[in-house]
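Residue-level listing of the chains:
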Amino acid sequence: MAHKKPEGSFVALVTPMNEDGSIDYEGFRTLLNWHHDHGTSAVLIMGSTGEVSMLSAEERREIVEKTVKMRPGDMQMFYGCTGNNTETTIGYVRHAKAAGADGAIVAAPAYIGADNEAITDFMFEVLDSADLAMGFYNNPPRVKTDLHWTDLLKLARHDNMVVLKESTTRVGQVAQICAAKPDMSIMCCCSPNLGLVVPTMALGGHGTANMTGNIIPEEMVTISTPWRKEGAADAFREAYLRNLPILHFVYSAINPVATKTIMRALGLPSGPLRKPLKPLAPTALEAGLNAYRELELDRKYGLNIRPALAAE
């Protein structure tokens, strides 16, 4: 069957936690409703921003089962389903399908450093495993494997392949994929350091699979809107340049350290990072909070900045 492709702002959510380290499900509900109210079109739960590699298998399954029932409106709910091998990944994908997820996002399994042929074959096995919308996260900084555009266009021919999230620095790779006009959404990481946001949107990209939407959801909606209508490019440029300090702050430490730390200071559900990750130092956090204040984002979103909370 044909699957709905995500478009616009596809936010990789943090996993909110209670003080004892357990999953904060009411926090999840609050965040999901907040994103729906501010225009986020899709969320990814349990991506790298969601500390997925530090969750147990039981937690991962429970998060899918509980949060899928919290879906607000028509916001799409995707889940990170990468396991440490092919069999485990397929198990997570099939579980997500059975639980009612809209889709799954898969990356190359971490640490093993498999070559491109092995990971292309791995992804085809996963795509064949369930009738579910899926996407591939090409993320060599995290997993070493870096699929070439020719590999990615092979995957795009599969009926279940609906989205690519590209996290390399190669504009040429994005251009080749956009030029081929595959039947999938082409998105990129929102990191300003990788530098893909502007060229991806200019070349016809369908949005961003972003982390910064955790704290500026409406702004990321504007930044992630495809350039189809008159004025979309101008609105993009204004929002991107205005919010560049926030984008840089979010990527100032390995994700989701900066994001979760500032969310806690803003009173948004986040909770502590799972060890061994540690929150940002107070001076580093203050730089992000100052940018947030200067842009009057705390007033816009009705948030009360309390830096001391982040250190607790």
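Reference entry: report on the structure contained in this document.

The rules behind these values
Within any chain, residue numbers begin from 1 and follow the written order of that chain's sequence. Where totals are concerned, whole chains, interfaces and linings use all residues; where local detail is concerned, this predicted model gives features only for residues with pLDDT of at least 70, and gives and counts side-chain atom pairs only at 80 or more. Side-chain measures here rest on the full set of heavy atoms in the structure, leaving out hydrogens and waters. A pair of strands is treated as paired once DSSP finds two or more bridges between them. Numbering of helices and strands runs from the N terminus; a helix is a DSSP stretch of H or I covering at least four residues, while a strand is a stretch of E covering at least two. Interaxial angles span 0 to 180 degrees and are taken between N-to-C directions of axes, which are lines fitted to C-alpha atoms, for helices over the stretch in contact. When checking whether two residues touch, look at their non-hydrogen atoms; a contact exists if any pair is within 4.5 Å. Salt bridge, as used here: a side-chain nitrogen of Lys or Arg that lies within 4 Å of a carboxyl oxygen of Asp or Glu. Note on classification: 1.4 Å probe, protein chains only; a residue is buried when its accessible area is under 20% of the maximum for its type, exposed when over 50%, partly exposed between these limits.

**Quick word on the sheet that holds strand β4 (residues 103–107)**
As summarised here, the arrangement of the eight strands in space is β1-β2-β3-β4-β5-β6-β7-β8, forming a closed barrel in which the pairing is parallel. Adjacent strand axes in the sheet meet at a mean angle of 25 degrees when their direction is disregarded. Sheet strands touched by helix α4 (residues 116–128): β4, β5 (133–138) and β6 (161–166). Its angle to β5, the strand with the most contacts, is close to 160 degrees.

**Brief notes about the pattern of salt bridges**
Side chains that differ in charge, positive against negative, can pair when their charged atoms come close. For the structure on display, the rule yields 15 salt bridges. A salt bridge links Arg264 to Glu19; the shortest N-O distance between them is 2.5 Å. Here Glu19 lies in the loop between β1 (8–12) and α1 (25–37) and Arg264 lies in helix α12 (residues 257–266), a separation of 245 residues in the sequence. Overall, Glu19 belongs to the exposed group, its relative accessible area being 59%. In this structure, the salt-bridge partner of Asp102 is Arg71, at a minimum N-O distance of 2.2 Å. You can see Asp102 sitting in the loop between α3 (86–99) and β4 and its partner Arg71 sitting in the loop between α2 (57–67) and β3 (76–80), a full 31 residues away along the chain. Looking at Asp102, the relative accessible area reads 27%, which means it is partly exposed. We classify Arg71 as partly exposed; its relative accessible area is 29%. Salt bridges linked by common partners bring Glu218, Glu219 and Lys300 together as one network.

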